[in-house]
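Observations on the three-dimensional arrangement
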Amino acid sequence: MASAPGTPRHVAIIMDGNGRWATSKGWPRLVGHRKGAERVKEVVRAAPDLGIEYLTIYAFSTENWKRSTEEVLGIMGLFARYIQREAKALSAEGVRMRFVGDRARLDQKLQDLMAWIEAQTAGNSRLNLTVAINYGGRDELMRATRRIAERVAAGELSPGDITEGTVDAALDSADLPDPDLVIRTSGETRVSNFLLWQAAYAEFEFTPVLWPDFTPEVLAEILSRFGDRDRRFGGV
Ligand code: IPE
Ligand code: IPE
Ligand code: MG
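About the thresholds
- Residues numbered from 1 in each chain as written.
- Chains lettered and ligands numbered in written order.
- Predicted model: local features only at pLDDT ≥ 70, side-chain atom pairs only at ≥ 80, totals over all residues.
- Heavy atoms only, no water.
- Near = heavy atom within 4 Å.
- Polar contact = N/O pair within 3.5 Å; in protein donor to acceptor, adjacent residues only side chain to side chain.
- Helix = DSSP H or I, 4+ residues; strand = E, 2+ residues; numbered from the N terminus.
- Nonpolar A, V, L, I, M, F, W, Y, C, P; charged D, E, K, R; others polar.
- Areas by Shrake-Rupley, 256 points an atom, 1.4 Å probe, with all protein chains shown as cover.

**Here's the deal with the site of ligand 2**
In the vicinity of ligand 2, the contacting residues are Ile14, Met15, Asp16, Tyr58, Ala59, Phe60, Asn64, Arg67, Arg184, Arg190 and Ser192. Residue arginine 190 places a side-chain N or O atom 2.7 Å away from an oxygen atom belonging to ligand 2. The separation between an oxygen atom of ligand 2 and a polar side-chain atom of serine 192 is 2.6 Å. Here the shell around ligand 2 takes three residues from strand β2 (residues 54-61), the largest share from any one element. A per-class count over the shell around ligand 2 returns five nonpolar, two polar and four charged.

**So, the site of ligand 1**
Residues in contact with ligand 1 amount to 13 residues; listed here are only the nearest, Asp16, Gly19, Arg20, Arg29 and Arg67. Within the contact set of ligand 1, an oxygen atom lies 2.9 Å away from a backbone nitrogen or oxygen of glycine 19. At 2.7 Å from an oxygen atom of ligand 1 is found a main-chain nitrogen or oxygen belonging to arginine 20. In isolation ligand 1 exposes 370 Å². Once the protein is present, 87% of that is buried. Secondary structure elements with two or more residues in the shell around ligand 1: α1 (18-24), α2 (29-46) and α3 (69-92). If you tally residues by element for the shell around ligand 1, the top one is α1, at three residues. Grouping the constituent residues of the shell around ligand 1 by class yields three nonpolar, five polar and five charged.

Structure representation (structure tokens):
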């Protein structure tokens, strides 16, 4: 489905505030992550009708390993469960699911599930869902630089021929357009290492809503204001 004028084609979301949501209710942080995963399902279901073609969600950063083992393992378990339980629904809804981030550090079983769901949904095109797991913008650029350096060392590429397109193609996001809109929930107004290269000209929205309270209605309200923005891309 082509986006209506004024609708962002690619929306990226920094899903923040799960921990605070749970803590404010006297519950363990993991309850917030579980509720957050439910919100992901709702937003994914609603996205195509809101005109979104690409939805990219930040689920676990390269910095999130600093958290307790219990929380990290709990979140990793949620990823595996989400893939297993949602596989049928994703296909029925025409969702193509992909991942960005460094998979090498993830549990082999989770890596296998990620590869499986990518293959399983590769033919779908109604919504392109990309989940950022063990993702950091700097880490992605570092890995891209290594790939490019390897090509130069192998004599396939000369340094003077490296263009922005060369870098784009070496990123995990090589197959995705740049995000038009980046949303961060929970009131924090920082980028926390998300899509540093790709968001060069993205619009930003910061909402105080905690991710477990984020509904398709909140998303629709944010999108309704997107059309008012004057995106100049450096022009006048
Ligand atoms: C976002 O919620 C989810 C992840 C980073 C995995 P948080 O867990 O960061 O929640 P807060 O920011 O502590 O409230
Ligand atoms: C950003 O949230 C990462 C994800 C949403 C996955 P964090 O909660 O990790 O970010 P900081 O620590 O507040 O910058
Ligand atoms: Mg947070």
